[in-house]
Amino acid sequence: MLYLQSAILALLMVLPGADIANGLKVGDQAVDFNLKNIDGKMISLQTDKQAKGYILIFTCNTCPYSVAYEDRIIELHQKFAPKGYPVLAIQPNDSKRSPGDSFDKMKKRAKDKGFPFPYLLDETQETTSTYGATNTPHVYVLNKQADETFKIEYIGAIDNNTRRAEDATKHYVKAAVEGLLKGQKVETTKTKAIGCTIKWSS
Amino acid sequence: MLQRTYILKIAITISYSLPFYEYMQKVIFLLLGLLLAPKPSQEPPVEVIKFDTLQHLMNRNSQQIEVINFWATWCKPCIKELPYFQSIHQQMGDKVNVTLISLDFADQLDSKVVPFVKKKGLTAKVLLLDEIDYNSWIDKVDPSWTGSIPATLVIDPQSGRRKFVEGELKQEELEEIIREFTK
């Protein structure tokens, strides 16, 4: 039994592509974008000159896990936007494959929930692909550098309990941003969570 | 089982108040009834499990190929591919052990998961993995898994060979993988 386990482990370690995740990694420079917000204006990382960083969240209308996190995303924005780390939500799904995520439906959802942050559409899915976002919601915490570029400090989940915010015991994004605000190194830089797949255009 | 004991107790209580021949008659009828009564339903009681059960399934030393599919009732691409797994279970159940791991929330077991399993007529084993701290176990299933579903893990316990697929499988793709593992 132990032999089998170690054999499997060994196999996993030597398998090429055991870490196939493409896209940007923690420590990489964030790639800028220019995406349309629900109010029709284009937004990039340079739009908000005051921002010390961003909580970039790939999320959508239709994924129940995204919906489960909506209130928590609003809270993150309300807590950290005044401190220089606003939320930028990006909707990554192709609206032909996921009609509930169309630009009009995005506008409606944002209005119904009163999103206080921009909700951008990645129509070409290039930004989603560049960042390597794989599921929704998928968070990237960015921190501004001396040269005005942004560095990726954290990739992953918002916290460790999708079902109930009150039951979460680890608040990954909050901890990361709070660390950055104190000038500390982010401790947990990468987490994983179950989520909905990105609906890529075929 | 409890129910039967209960019925038996009532029957005995009634019987003692009756004349002997009637009493015997009742006893015989009761025994017949117990024998002929349909057994408690074997319908898919979707078992709620913790990660150790899944780990046991991934590591057990079975002669069958283990096919483990991660899905949820809210996941459209998952629902699309479930019939392909059901079909593998029906056609190759002797060589392949199909387990469908639902990642629905455990509090939706009776409202969503069980009705769904019945409606779709799934007879392959369905387990609900009640482990909400996803980051603590996703890598243990496969380090390459980013966490999106559907995802499928195929294991040959005898050779230790594993294949992990994240994303939707077409029926031909699934059948091809099973062919590779069973030849």
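Now for a look at the structure at hand. Every chain begins its residue count from 1, and numbering advances along the sequence as written. Chains and ligands are labelled sequentially in the order written, the chains with letters from A and the ligands with numbers from 1. The model is predicted, so local features are restricted to residues of pLDDT at least 70 and side-chain atom pairs to those at 80 or more, both for listing and for counting; the totals for chains, interfaces and linings are taken over all residues. Excluding hydrogens and water, the side-chain figures rest on all heavy atoms present in the structure.

1. Let's talk about helix 7 (residues 171-182) of chain B
All names here are of chain B.
- The first and last C-alpha atoms of helix 7 sit 16 Å apart over 12 residues, in line with the 16 Å expected at 1.5 Å per residue.
- Three exposure classes are used, based on accessible area relative to the maximum for each residue type with a 1.4 Å probe and protein chains only: buried under 20%, partly exposed in between, and exposed over 50%. Note on conventions: DSSP H or I runs of at least 4 residues are helices, E runs of at least 2 residues are strands, and numbering of each starts at the N terminus. Burial in helix 7 covers these residues: L174, I177, I178 and F181. For helix 7, the buried positions fall inside an angular range of 95° around the axis, keeping them on one side.
- Of the surrounding secondary structure, the elements contacted by the buried residues of helix 7 are strand 2 (65-71), helix 4 (76-92), strand 3 (96-102), strand 6 (151-156) and strand 7 (161-166). Take the residue count of a helix, subtract one, and multiply by 1.5 Å to get its expected span. The directions considered for the arc run from the helix axis to the C-beta atoms. Any two residues whose heavy atoms approach within 4.5 Å are treated as being in contact.

2. Concerning the interface of chain B and chain A
- Across the boundary between the two partners, chain B contributes 28 residues, which contact 28 residues of chain A.
- With both chains or domains summed, chain B and chain A bury close to 2,600 Å², and 62% of this area falls on carbon and sulfur atoms.
- One speaks of a salt bridge when a side-chain nitrogen belonging to Lys or Arg is within 4 Å of a carboxyl oxygen belonging to Asp or Glu. Counting across the interface, chain B meets chain A through 2 salt bridges.
- With a shortest N-O distance of 3.7 Å, D130(B) and R163(A) are connected by a salt bridge.
- Two N or O atoms count as a polar contact when they lie within 3.5 Å, although within protein this holds only if one can serve as hydrogen donor and the other as acceptor, and sequence-adjacent residues are included solely when both atoms are side-chain atoms. For the pair chain B and chain A, the interface holds 10 residue pairs in polar contact (both at pLDDT 80 or more).
- Of all elements in the fold, only helix 6 (138-141), strand 5 (148-149) and strand 7 of chain B reach the threshold of two or more residues within the side of chain B that touches chain A.
- Note that Gly is not counted as nonpolar here; it falls among the polar residues with everything else outside the nonpolar set of Ala, Val, Leu, Ile, Met, Phe, Trp, Tyr, Cys and Pro and the charged set of Asp, Glu, Lys and Arg. Partitioned by chemical class, the residues of the side of chain B that touches chain A number 13 nonpolar, 7 polar and 8 charged. Buried area: the accessible surface (1.4 Å probe) lost by two parts on joining, summed over both.

3. Overview of helix 2 (residues 64-80) of chain A
All names here are of chain A.
- Between the first and last C-alpha of helix 2 there are 24 Å, a value that for 17 residues agrees with the 24 Å anticipated at 1.5 Å per step.
- The quantity called bend is, for any residue, the angle between two axes fitted respectively to the seven residues ending at it and the seven beginning at it. Taking the largest bend as the criterion, helix 2 deviates by roughly 45°, centred on E70.
- By the burial criterion, the buried members of helix 2 are Y65, S66, Y69, E70, R72, I73, I74, L76, H77 and F80.
- The secondary structure elements touched by the buried residues of helix 2 are strand 3 (53-58), strand 4 (87-91), helix 3 (103-113), strand 6 (135-136), helix 5 (172-181) and strand 9 (195-197).

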